[in-house]
Amino acid sequence: LSLGCDRTVRRPSSDWQGNMAAVPFWLSLTIMVAGWYGLSFGTDLLNKTIQREAKIPISLTAMQFLVGGIFSALYMRLASSSKSFKHVPVNQMSRVLPVALCWTVGFLTTNYSFGQAAVSFTHAVKATEPLFLVVLCLLFFRGSFSLGVYLSLLPIVVGIVLVAMTELNFSALGLLTACISNVCFAARSLFAKDLVKDKLVDNFSLFYYISWMSFGITAPLALLMEADQLQLLFATWTPALQTQILFNGILHYSYNQLSFVILGEVTPLSHSVLNATRRFVIIVGAVLYFGTTLTGANIIGIGFLLVGVFAYTITQYKSTQAASTGKSKGA
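Residues numbered from 1 in each chain as written. Predicted model: local features only at pLDDT ≥ 70, side-chain atom pairs only at ≥ 80, totals over all residues. Heavy atoms only, no water.

## Section: the layout of surface pockets
The calculated volume of the second largest pocket comes to roughly 300 Å³. What lines the second largest pocket is a set of 17 residues, and nearest its centre among them are Ser59, Met63, Leu230, Phe234 and Ile245. Counting residues per element, the ones that place at least two in the lining of the second largest pocket are helix H3 (57-78), helix H9 (203-225), helix H10 (227-235) and helix H11 (239-263). Counting residues per element, the lining of the second largest pocket draws most heavily on H3, at five residues. Grouping the amino acids of the lining of the second largest pocket by side-chain chemistry returns 15 nonpolar, two polar and no charged. (1 Å grid on protein atoms, 1.4 Å probe; cavity = no way out; pocket = protein on both sides within 12 Å on 5 of 7 lines; lining within 4 Å. Points joined across faces, edges and corners; volume = space filled by probe spheres on them. Helix = DSSP H or I, 4+ residues; strand = E, 2+ residues; numbered from the N terminus. Nonpolar A, V, L, I, M, F, W, Y, C, P; charged D, E, K, R; others polar.)

## Here's the deal with the side chain of Asn47
As for its position among the elements, Asn47 is in helix H2 (residues 25-53). Classification of Asn47 by relative accessible area gives buried; the value is 1%. Side chain to side chain, Asn47 and Gln51 meet in a polar contact 2.7 Å long. Dropping the residues within four chain positions of it, Asn47 is found in contact with Leu60, Gln64, Asn111, Phe114 and Asn248. (Buried < 20%, exposed > 50% of the residue type's maximum accessible area, 1.4 Å probe, protein only. Polar contact = N/O pair within 3.5 Å; in protein donor to acceptor, adjacent residues only side chain to side chain. Contact = heavy atoms within 4.5 Å.)

## Some remarks on unusual backbone geometry
We note that Lys199 has phi near 60 degrees; this positive angle belongs to a residue other than glycine. Turning to its location among the elements, Lys199 is positioned in the loop between helix H8 (172-197) and H9.

## What to know about the nonpolar core
Of all hydrophobic cores here, the largest spans 34 residues; its most connected members are Leu206 and Ile262. Sorting the residues of this core by element identifies H2, H3, helix H4 (93-116), H8, H9 and H11 as the ones contributing at least two each. Excluding residues within four positions of it along the chain, Ile262 makes contact with Leu29, Met32, Val33, Trp36, His271 and Leu274. (Core = buried A, V, L, I, M, F, W, Y, C linked by side-chain atoms within 4.5 Å.)

## Digging into the environment of Val157
Summarising the element assignment, Val157 is placed in helix H7 (residues 147-166). Since its relative accessible area comes to 34%, Val157 is described here as partly exposed. Between the alpha carbons of Val157 and Gly308 there is a distance of 8.5 Å; along the sequence they are 151 residues apart.

## Some thoughts on the pattern of salt bridges
Scanning all chains against the criterion turns up two salt bridges. Two residues, Asp198 and Arg95, come together in a salt bridge whose shortest N-O distance is 2.7 Å. In this pair, Asp198 sits in the loop between H8 and H9 while Arg95 sits in helix H4, placing the two residues 103 residues apart along the sequence. Linking Asp194 and Lys197 is a salt bridge whose minimum nitrogen-to-oxygen distance equals 3.9 Å. With Asp194 and Lys197 both in helix H8 and three residues apart, the pair spans about one turn of that helix. (Salt bridge = Lys/Arg side-chain N within 4 Å of Asp/Glu carboxyl O.)

## So, the packing of aromatic side chains
One pass over the full model with this rule turns up 17 aromatic pairs. Plain terms: the ring middles of Trp36 and Tyr37 are 5.8 Å apart, the flat faces sit at 45 degrees to each other, and that makes the pair tilted. For the pair Trp36 and Tyr37, a shared accessibility class is recorded, and that class is buried. Aromatic side chains Tyr75 and Phe204 sit 5.6 Å apart centroid to centroid with 15 degrees between the ring planes, which places their arrangement in the stacked category. One end of the pair, Tyr75, is in helix H3; the other, Phe204, is in helix H9, with 129 residues separating them in the sequence. This pair shows no difference in class: Tyr75 is buried, exactly as Phe204 is. One aromatic cluster is present, formed by Phe65, Phe71, Tyr75, Trp103, Phe107, Phe185, Phe204, Phe207, Tyr253 and Phe260 through successive ring pairs. (Phe/Tyr/Trp six-rings, centres within 6.5 Å; stacked < 30°, edge-to-face > 60°.)

Next comes the structure, spelled out in structure tokens:
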């Protein structure tokens, strides 16, 4: 599988990236992907660590959105010399709101799942997102898929059933919230695709807008629903916990931003494959770090998920390319 690697870095999005033009592309891509995986794992590790000490998933999510809004604004200002910010007219904000709502509920339920279940289990469930995407397309967006796509979903279904049925520390709430997260992120990708296709936003400006919108939703929600926990937390506030919460927000922004940067440097197929690989790297890392016990059926189930996700990614990409070729010939 080609990752679309050139000999040098392509399409620098800012002056500081232009300084890396002489670096071989394979090397810069390797560094970026390793950073993406490491930052993502670090975010989940801190998330689980914080929630073991303080059950504040809404407040934690609000902090992630706040840091994302601040840092994305700084990033786009630094990159403004070569990438203009796309301002969304006020009368078009209603089109951005569904993306922000999906983004908000998606991360809220993900963080709830981390607080209820093992990190490896949550990511195993979240690896089934293609299944939810296909169902949403069929039910609400009149989508159609090739036979190969439907067949690729079978090992995903078998895999998650094996993982759920044999999970030693099974949490029904953890499973439910991870599934809701999948629905939200699948819907977000469908709504966001239309916005980008209509050139209303690009991925960077969309991230900025939905970060601030999501913070506006979760901040009052945290004060309303976690007031007692926050009051108790502030009474026993420690510098270590302060640092962990802040650092979690920074890592959360950084891995999402780096994902967009990588998306601008490789093909969509390559990015999808790298993203699927990221999830399984986190599963392995979480098992090793937290000492999670896996049964043989767990491992087989994760293997089925891995096969299914990669098969879906490649098959769906080929179907999309074939459809695009057919349209261009028809034109």
